[in-house]
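Fold and geometry: a report
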Amino acid sequence: MNTIIKGGTLFTASETLKADIRIVDGKIDSIGRDLQAGQEDQVIDATGLYVLPGGVDAHVHLDLPMAGTVTADDHYTGTKAAAFGGTTFVIDFISQDTDNLDELVDAMVQKASQKAVVDFSFHMNITHLTPEVEKQIPELVKRGVTSVKVFTAYNHRLRLQDGEIFKVLRIARDAGILTMMHAENGDVIEILIKEALAAGNTSPLWHAKTRPAWGAEECVARGAALAATAGAPLYVVHMNAAGEVDQLKYARDLGLNIMGETCPQYLFFTEDDLAREDGAKFVCSPPIRTTADQNRIWEGLQEGIIQTISTDHCSFFFNGTKPILYEGKPVAIPGKELGKDDFTKIPNGLPGVGDRLPVMWNAMVSTGKFTINWFVELTSTNPAKIFGCYPQKGTLMPGADADITLWDPNEKVKYGQKVAQHRTDYNLYEGWTLKGFPVIVLSRGEVIVDHGRWLGHAGTGRFIQCKAFASAL
Ligand code: URP
Ligand code: ZN
Ligand code: ZN
């Protein structure tokens, strides 16, 4: 069955037009005025609605074991929540649990393919560098995995030393792979955590106090220096500190191919939230910081210093001993309560994949601070370009996948856990009134969300192979 979306206003990163969209075999076939529907065609009336490319969230963690438990959302529940929030393509991370990268890709693709309801791809974490692993990194391109993540923190677990990061950058450069960096100072964090615990400082606020912003700033500068020396592009993930934005600007002003991503939690919350009784809900790494940091990150977006808004979705229950009903069945997964006496045992991460577009629309578009085109650029087009899946994803044009989100700009929603579809027992935006909301969502031409109705099915999401040598923006 073909589909025509009629009467809407289309927004891409660069264009706004009143037009219809014809979808054939899951792809956009044509865009034009007054497209005529055949007898068999499904017609979606988009009168009064805005028609946007589905959101691209380039930073999610689904079904990830961590801190003695596992993330609350797997590839079904996480991608379902994404769809309800207007996001139709997510990029997850493969943990380097062994040194056989090919097998790791196979296992993750297989696991996600059984459950995902929107399309997905992967970045590969490089957390253990051996000569054998060095040889395998370029081979990832053949599998459609064209980005790797390195860490300057999580000592003795995920961290690479500077020389190793430099090696990865050079290998990745030659293969057309983009290196992503988690920028925090692991040595400083290790010392501060030991001291905090010894002094009996165990509350969630100490999560932020032991992960200082200077460490993040210094690591962005270090990452830029290593990337510049290697002649490689770099993408700094989850930017959270004012100084990081300053360092990114400095690097970009020098003409370096250094890009940055931020996430909604760093724009809306501060350490004051960590100091709340339920502060564990806000524990993520890197931590949420101060109003001054928020303001500088907003400037970073407005001034084009930061290129993307993703989520770092990594959800846990707040109280994983108390079941919630999910699709009619009780579910409880150990979560933040694991760290009730010790902040270092709180699983790090927040729900957000479904919240991202509605809360960012509310703060960017409804306030008039950003145009809709700009919103599309930061949340869909830029991540698709940077990670090598544009124009298949991230835009509306003939030949692109028909991943499309129809927004009602006038829809008012009292947001919170019940509206968001994450499989967890809390929502960071509980009680917020949002203006503008995604009402119809299509994944490769299939309507999977229709005004709050769920029409998706586990296993319909496909693994998308990203391309090497993608644009550095
Ligand atoms: O707290 C978070 N964000 N956990 C995910 C791990 C990471 O570094 O992105
Ligand atoms: Zn990270
Ligand atoms: Zn992450």
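Residues numbered from 1 in each chain as written. Chains lettered and ligands numbered in written order. Predicted model: local features only at pLDDT ≥ 70, side-chain atom pairs only at ≥ 80, totals over all residues. Heavy atoms only, no water.

1. Re the sheet that holds strand E5 (residues 27-32)
- Judged by pairing direction, the sheet is mixed, and its 4 strands sit side by side in the order E5-E4-E1-E6 without closing on themselves. Looking at strand neighbours, the two that pair on one side only are E5 and strand E6 (42-45), the edges of this open sheet. The mean inter-strand angle of the sheet, taken between neighbouring strand axes irrespective of direction, is 20 degrees.
- Inspection of the sheet shows strand E4 (residues 20-24) paired to E5 by 5 bridges, in the antiparallel sense. Bridge pairing links Ile23 to Ile28 in E5. (Pairing = 2+ DSSP bridges. Helix = DSSP H or I, 4+ residues; strand = E, 2+ residues; numbered from the N terminus. Axes fitted to C-alpha atoms, helices over the stretch in contact; angles between N-to-C directions.)

2. Considering the coordination of the zinc ion (ligand 2)
- Distances from the zinc ion (ligand 2) to its protein donors, namely Lys149 (NZ), His182 (ND1) and His238 (NE2), fall within the range 2.1 to 2.2 Å.
- In primary-sequence terms, the residues that donate to the zinc ion (ligand 2) follow K-x32-H-x55-H.
- Here the zinc ion (ligand 3) and the zinc ion (ligand 2) are spaced 4.0 Å from one another. Residue Lys149 is located in strand E13 (residues 147-151), and its partner His238 is located in strand E15 (residues 234-239); the two are separated by 89 residues in the primary sequence. (Donors = N, O, S within 2.8 Å, 3.2 Å for Na, K, Ca; no water.)

3. Section: helix H12 (residues 356-364)
- Counting buried positions along H12 gives 9 out of 9 residues, so the element sits mostly inside the fold.
- Considered for burial, the residues of H12 that qualify are Arg356, Leu357, Pro358, Val359, Met360, Trp361, Asn362, Ala363 and Met364. (Buried < 20%, exposed > 50% of the residue type's maximum accessible area, 1.4 Å probe, protein only.)

4. Describing the site of ligand 1
- Near ligand 1 there are 13 residues, and of these Tyr154, His182, Ser285, Asp312 and Asn348 occur at the shortest range.
- Within the contact set of ligand 1, an oxygen atom lies 3.2 Å away from a side-chain nitrogen or oxygen of Tyr154.
- Here an oxygen atom of ligand 1 sits 3.3 Å away from a polar atom, N or O, in the main chain of Gly349.
- For ligand 1, whose free accessible area comes to 280 Å², the fraction covered by protein is 96%.
- Among the residues making up the shell around ligand 1, the classes are represented as 4 nonpolar, 7 polar and 2 charged. (Near = heavy atom within 4 Å. Polar contact = N/O pair within 3.5 Å; in protein donor to acceptor, adjacent residues only side chain to side chain. Areas by Shrake-Rupley, 256 points an atom, 1.4 Å probe, with all protein chains shown as cover. Nonpolar A, V, L, I, M, F, W, Y, C, P; charged D, E, K, R; others polar.)

5. Considering the domain arrangement of the protein chain
- Taken domain by domain, the protein chain comprises domain 1 (3-52 + 395-454) and domain 2 (54-386).
- Taken together, the 41 residues of domain 1 in the interface contact 53 residues of domain 2.
- When domain 1 packs against domain 2, close to 3,900 Å² is buried across both sides, 63% of that on carbon and sulfur atoms.
- The largest share of the area that domain 1 buries against domain 2 comes from Arg423, Tyr426 and Trp454, three residues that together contribute 22% of it.
- The interface formed by domain 1 and domain 2 holds 2 salt bridges in total. (Domains from an automatic or database assignment. Contact = heavy atoms within 4.5 Å. Buried area = accessible area lost by both parts, 1.4 Å probe. Salt bridge = Lys/Arg side-chain N within 4 Å of Asp/Glu carboxyl O.)

6. Digging into the packing of helix H7 (residues 213-230) against helix H8 (residues 242-253)
- Contact pair H7 / H8: the axes reach a minimum separation of 8 Å and the direction vectors enclose 20 degrees. Taken together, the axes of H7 and H8 lie roughly parallel to each other. Crossing handedness for the pair H7 and H8: right-handed. Between H7, through Ala216, Glu217, Val220, Ala221 and Ala224, and H8, the contact on the second element is made entirely by Gly243, Glu244, Gln247, Leu248 and Ala251. (Parallel < 35°, antiparallel > 145°, perpendicular 65-115°, else oblique. Left-handed = near helix turned anticlockwise from the far one by under 90°.)

7. Comments concerning the pattern of salt bridges
- The final tally for this structure, using the stated rule, is 32 salt bridges.
- Arg276 serves as the salt-bridge partner of Asp278, at 2.9 Å between the closest nitrogen and oxygen.
- Judged by its relative accessible area of 15%, Asp278 is buried.
- For Arg276, a relative accessible area of 38% translates into the label partly exposed.

8. Some points on the sheet that holds strand E22 (residues 446-450)
- Here we have 7 strands laid out as an open sheet, ordered E3-E2-E7-E20-E21-E22-E23, and mixed in their pairing. The open sheet has two edge strands with one neighbour each: strand E3 (16-18) and strand E23 (453-454).
- Bridge analysis of E22 against E23 gives 2 bridges, and the strand direction is antiparallel. Bridge pairing links Asp450 to Arg453 in E23.
- Against the sheet, H12 touches strand E7 (50-53), strand E20 (404-414) and strand E21 (433-443), its axis set at about 135 degrees to E21.

9. Quick notes on the environment of Phe122
- Tracing the chain through its elements places Phe122 in strand E12 (residues 119-125).
- Relative accessible area serves as the criterion here: at 1%, Phe122 is assigned to the buried category.
- Counting along the chain gives 335 residues from Phe122 to His457, while the straight-line C-alpha distance between them is 21 Å.

10. Overview of unusual backbone geometry
- With an omega dihedral of -5 degrees, the bond running from Ser285 to Pro286 counts as a cis peptide bond.
- Its location among the elements puts Pro286 in the loop between helix H10 (271-274) and helix H11 (291-302).
- Following Tyr390, the chain continues into Pro391 via a peptide bond in cis, with omega recorded as 5 degrees.
- By the secondary structure assignment, Pro391 is in the loop between helix H13 (372-386) and E20.
- With phi around 50 degrees, Ala67 is a residue other than glycine that occupies positive phi space.

11. Looking at the pairing of E13
- For E13, the buried fraction is high: 5 of the 5 residues fall into the buried class.
- Burial along E13 is two-sided: the face carrying Ser147, Lys149 and Phe151 and the face carrying Val148 and Val150 are both buried.
- As paired strands, E13 and strand E14 (residues 178-182) are joined by 5 bridges and run parallel to one another. When the bridges of E14 are listed, Val148 appears paired with Thr179.
- For the crossover that starts at E13, traverses helix H4 (residues 162-175) and ends in the parallel E14, the hand is right-handed. (Right-handed = clockwise from strand over helix to strand, strands pointing away.)

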